[in-house]
Amino acid sequence: MTTWHWIRHGPTHQTSFTGWRDVAADLSDKGAVARLADHLPSDAVVISSDLTRSVNTATAIQRSRTRLPHDPALREFHFGSWDGVHFSQVADRHPDLSRAYWETPGDHTPPGGESWDAAAARVAMAVRRIEAAHAGKHIIAVAHFGVILTQVQAVLGLSAHAVLAHKIDPLSVTTLHPESGTAERINHLP
C-alpha cells in the first residue's frame with residue numbers, strides 16, 4: 001500500500017496571499033526539522049514542489065532518502081493578481097469573489113489565477129503519476145497548505161468547504177493512505 005507523508009514547508013512569515021511567488025522558508029528551528037526528519041520513514045522517496053520554500057525544506061529533511069526531481073505540479077494554488085496582496089486588501093478589491101473563494105470553494109477563480117477545482121485537478125494528476133512510478137512505497141511530499149488540503153479532501157471524500165476546517169501548520173506531517181481512504185494523522189507536529 002502506498003503511503004503519502006505530506007509535509008508543509010517551513011514557515012515563511014508572510015502576511016499576504018503566497019502562492020506561486022518564490023519566498024524562502026525559515027528553517028532556523030533545527031530541533032523541529034530534526035524531529036520531523038526522525039519521524040519520517042527512512043526508506044521513503046522525497047519529492048517537493050519546485051518553489052524554494054519546499055525545495056529547501058525537503059533538503060533539510062532528506063537525509064539518506066532517495067530524492068526525486070522537484071515537481072511544479074505540486075506548487076501552491078496560483079492566486080494570480082492576489083499573490084503578495086494582504087487578505088484584507090483582496091477583500092476590499094474583490095469582496096464577492098474573495099468571500100466566495102473561501103466560503104464556497106470550487107470554480108471561483110482569482111484574476112489571473114486558478115480555482116480550487118483547477119488546483120485540485122492539477123495536484124491529483126501529479127499524485128497519480130508519482131504513485132504509478134512508486135507504487136507500494138512511502139512517499140514524502142513537501143508542498144503547501146492548499147496542496148495538502150486537496151489530498152485530505154480526495155482521500156477522505158470531503159467537500160472543499162469541509163476540508164478548509166483543517167489546520168496544516170508549517171513543518172507538520174499529514175499521513176494519508178489513499179487506497180484505504182484513511183488518514184493516519186493530519187497536521188501532526190513531531
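Let me sum up the structure you'll find in this document. (Residues numbered from 1 in each chain as written. Predicted model: local features only at pLDDT ≥ 70, side-chain atom pairs only at ≥ 80, totals over all residues. Heavy atoms only, no water.)

On to the overall build of the protein chain. Across its full length, the protein chain holds 7 helices and 6 strands. Listing each helix as α and each strand as β along the protein chain from the N terminus yields β-α-β-α-β-α-α-α-β-α-α-β-β. The C-alpha radius of gyration of the protein chain comes to 16 Å, within 12% of the 16 Å expected for a compact globule of 190 residues. Burial status across the protein chain gives 49% buried among its 190 residues. Taken as a whole, the protein chain presents about 8400 Å² of accessible surface, with 54% of it coming from carbon and sulfur. (Helix = DSSP H or I, 4+ residues; strand = E, 2+ residues; numbered from the N terminus. Rg over C-alpha atoms; globule rule 2.2 N^0.38 Å. Buried < 20%, exposed > 50% of the residue type's maximum accessible area, 1.4 Å probe, protein only. Areas by Shrake-Rupley, 256 points an atom, 1.4 Å probe, with all protein chains shown as cover.)

On to helix α6 (residues 145-156). The end-to-end C-alpha distance of α6 is 16 Å, a good match for the 16 Å that 12 residues give at a rise of 1.5 Å each. For α6, the buried fraction is high: 9 of the 12 residues fall into the buried class. Here α6 has its buried residues at Gly146, Val147, Ile148, Leu149, Thr150, Gln151, Val152, Gln153 and Val155. Where the residues of α6 are buried, they touch β1 (3-8), α5 (116-133), β4 (138-143), α7 (160-163), β5 (173-177) and β6 (182-188). Looking one or two residues beyond α6, the residue adopting positive phi is glycine 157, at roughly 70°. (Expected span 1.5 Å × (residues − 1). Contact = heavy atoms within 4.5 Å.)

For the rest of this paragraph, the subject is unusual backbone geometry. We note that histidine 13 has phi near 60°; this positive angle belongs to a residue other than glycine. Although it is not a glycine, arginine 63 adopts a positive phi angle of roughly 55°. Examined against the element boundaries, arginine 63 turns out to sit in the loop between α2 (52-62) and β3 (66-67).

In this section: the side chain of histidine 134. Relative to the helices and strands, histidine 134 is located in the loop between α5 and β4. Classification of histidine 134 as buried rests on a relative accessible area of 16%. Excluding residues that lie within four positions of it along the chain, histidine 134 makes contacts with Thr2, Val45, Leu68 and Ile139.

Bringing the packing of aromatic side chains into the picture now. For the coordinates displayed, the defined rule picks out 10 aromatic pairs. Measuring from centroid to centroid gives 6.1 Å for phenylalanine 17 and tryptophan 102, while their planes differ by 25°, and the two rings are stacked. Placement of phenylalanine 17 in the loop between β1 and α1 (30-39) and of tryptophan 102 in helix α4 (residues 95-103) is noted, with a sequence separation of 85 residues between them. With a centroid separation of 5.0 Å and an interplanar angle of 90°, the aromatic rings of tyrosine 101 and tryptophan 102 are classed as edge-to-face. Taking relative accessible area as the criterion, tryptophan 102 reaches 35% and is therefore assigned partly exposed. Residue placement shows arginine 75 over the ring face of tryptophan 20; its charged tip is 5.0 Å from the ring centre. (Phe/Tyr/Trp six-rings, centres within 6.5 Å; stacked < 30°, edge-to-face > 60°. Lys NZ or Arg CZ within 6 Å of the ring centre and 35° of its normal.)

On to the pattern of salt bridges. Summed over the entire model, instances satisfying the criterion amount to 8 salt bridges. Note that glutamate 114 and arginine 122 form a salt bridge whose closest N and O atoms lie 2.5 Å from each other. A single burial state applies to glutamate 114 and to arginine 122, both of which are buried. Linking glutamate 184 and arginine 185 is a salt bridge whose minimum nitrogen-to-oxygen distance equals 3.1 Å. You can call arginine 185 partly exposed: its relative accessible area is 25%. (Salt bridge = Lys/Arg side-chain N within 4 Å of Asp/Glu carboxyl O.)

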